[in-house]
Each structure stands twice: as C-alpha cells, then as structure tokens.
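Overview (structure and organization)
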Amino acid sequence: RSRKIMQRFVSRVPGLFSQVNNSSKRLIRRGYAENVMPLTFASPSQVHYNNVNVKQVDLPLTTGAVGILPHHVPIVGVLQAGVMSVYAESGETKKYFVSSGTVTVNDDASVQVLAEEAVPLSSLDSSMCKEGLREAQQAMASAADEKEKAKAQIQAEVFEEIGKCVEIGRAACR
C-alpha cells in the first residue's frame, strides 16, 4: 500500500515543478524582480502621481502605519489622517498630509492611493492649523446635534494631526 502512495506522489512531482516554475513567473511579473513600483496618487482636486515608478510609499492606515515596497503583497487599506511619504527612484522623498481615503496594492505590484484631501507637507502653515483646530473645537462645543458634533470632531482630529507634524517639525514626521 505504501508503495502505491509513493508511486502517486512521484508521478505528481513533474507537475509540482511546473507549478513552482509558474509561480516564479508570476512573482517576476508582479514586480519582485524590480526595485520600483508604479504609483498612482490622487485627490479630488489634484493628481500627484500618475503611474510613476517609486521605490517605497509609507502610509498611515487605520490599522497602523505601513511601508509598501515593490514586493508587497496585494492589500486594500483605509487611510487615516497623517503623513504619507513617497520615495522616488532618484532618492528624493516627498511628504503629503492625507486626511482619509484608500490604498490598493494590486497583483501586478501597482499601487493606487486615493485621498479625500492631500496637501504637500511643505505647504502647511502652523498658524492656520491652530486657527482651524480652535474653530473645530468651538463647533464641537456649540453643536446642536450629534451629526454636527461628529463632523466637528473629525475636523478637530485632522487639525490635531496636521498640527503634530507642523509643531514638532517636518523632519520629525519622516
């Protein structure tokens, strides 16, 4: 009986090698053999990257921060307010404040980031952040109903996150 089992296993071995070979081809097609990945990053008001090859993308997700490299497994994630860093092929790093949105890493190793709001970190102003936070906190305190209060609370959380990066310094948000 054990001989029959061994014969069946041995007869499947060529098929196993074929499956391994096909898997290797899929990995190469997904970008595992490359040092870059195509990134598309947009918000309703602007397209920041349109299928541009980058080395890495760091994102703030609701489940925690994630760094995406060319060999990353496919995922779908939800952005939370925070700093998104894009590492270009040239070695340059660009940072953006994103308020919310989604990220998708596809089977072909491409990455799509769709942000509700996205602003280059270099264009943020400390006094505007403080003013926005103050106004959001006032709106929370004077909210007539739970819907208004929730909206003001979200605004306050976003301004707090922006303020952390601006107050601590752009270097600390790396």
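Residues numbered from 1 in each chain as written. Predicted model: local features only at pLDDT ≥ 70, side-chain atom pairs only at ≥ 80, totals over all residues. Heavy atoms only, no water.

1. Observations concerning the pairing of strand β1 (residues 37-43)
For clarity, the cut-off: Partly exposed residues are those whose accessible area sits between 20% and 50% of the maximum for their type, while under 20% is buried and over 50% is exposed, using a 1.4 Å probe and protein chains only. Each helix corresponds to a stretch of at least 4 residues labelled H or I by DSSP, and each strand to a stretch of at least 2 residues labelled E; elements are numbered beginning at the N terminus. Two strands are said to pair when DSSP picks up at least two bridges between them.
For β1, a buried count of 5 out of 7 residues is recorded, marking the element as mostly surrounded by other parts of the structure. The pairing of β1 with strand β2 (residues 46-61) spans 6 bridges and is classified as antiparallel. From the neighbouring strand, Ser43 faces β2, where its bridge partner is Gln46.

2. Things to note about the packing of aromatic side chains
In plain terms, the rule: Two aromatic rings from Phe, Tyr or Trp, using only the six-membered ring of Trp, form a pair when their centres are within 6.5 Å; if the ring planes differ by under 30 degrees the pair is stacked, by over 60 it is edge-to-face, and anything between is tilted.
This structure, assessed with the given rule, holds 3 aromatic pairs. When the centroid spacing of 6.4 Å and the interplanar angle of 25° are considered together, the rings of Phe41 and Tyr49 count as stacked. Across this residue pair, the class does not change: Phe41 and Tyr49 are buried. Ring-pair connections join several aromatic residues into one group, and the members of that group are Phe41, Tyr49 and Tyr96.

3. A look at the side chain of Ser43
Filter applied, for reference: The contact criterion used is simple: two residues touch if any of their non-hydrogen atoms lie within 4.5 Å.
By the secondary structure assignment, Ser43 is in strand β1. Aside from chain neighbours lying at most four places away, what touches Ser43 is His48, Ala115, Glu116 and Ala118.

4. Quick word on the nonpolar core
Condition: Nonpolar core, defined: a set of buried Ala, Val, Leu, Ile, Met, Phe, Trp, Tyr and Cys residues in which side-chain atoms within 4.5 Å join the residues together.
By size, the foremost hydrophobic cluster in this structure holds 21 residues, and its most contacted members are Leu39, Phe41, Leu59, Ile68, Met84, Val111 and Val113. Per element, the largest residue contribution to this core is 5 residues, and it comes from β2. Phe41 has contacts with Val47, His48, Tyr49, Met84, Tyr96, Val98, Val113, Ala115 and Ala118, leaving out every residue within four places of it along the chain. Residues Cys129, Val158, Ile162 and Val166 belong to the second largest nonpolar core, which totals 10 residues.

5. Topic: the environment of Leu39
Tracing the backbone shows Leu39 in strand β1. Of the residues examined, Leu39 reaches a relative accessible area of 0% and is grouped as buried. With 14 residues separating them in the primary sequence, Leu39 and Asn53 have C-alpha atoms 6.1 Å apart. With sequence-adjacent residues up to four places away left out, Leu39 is seen in contact with Tyr49, Asn50, Asn51, Val52, Val54, Val57, Val86, Val111 and Val113.

6. Some words on the side chain of His48
Within the secondary structure layout, His48 lies in strand β2. Of the residues examined, His48 reaches a relative accessible area of 16% and is grouped as buried. Once residues lying within four places of it in the same chain are set aside, the contact partners of His48 are Phe41, Ala42, Ser43, Tyr96 and Ala118.

7. Topic: the pattern of salt bridges
To be explicit about the condition: Salt bridge criterion: a side-chain nitrogen from Lys or Arg within 4 Å of a carboxyl oxygen from Asp or Glu.
Within the structure shown, the criterion is met by 1 salt bridge. When the shortest N-O distance is used, the salt bridge between Glu131 and Arg134 registers 2.4 Å. Of this pair, Glu131 and Arg134 both sit in helix α2 (residues 126-141), 3 residues apart, which is roughly one turn of that helix.

8. Some words on the environment of Asn35
Note that Asn35 resides in the loop between α1 (2-29) and β1. Its relative accessible area of 66% is what places Asn35 among the exposed residues. Separated by 20 residues in sequence, Asn35 and Lys55 have C-alpha atoms that sit 6.3 Å apart. In contact with Asn35, other than residues within four places in its own chain, are Val54, Lys55 and Pro70.

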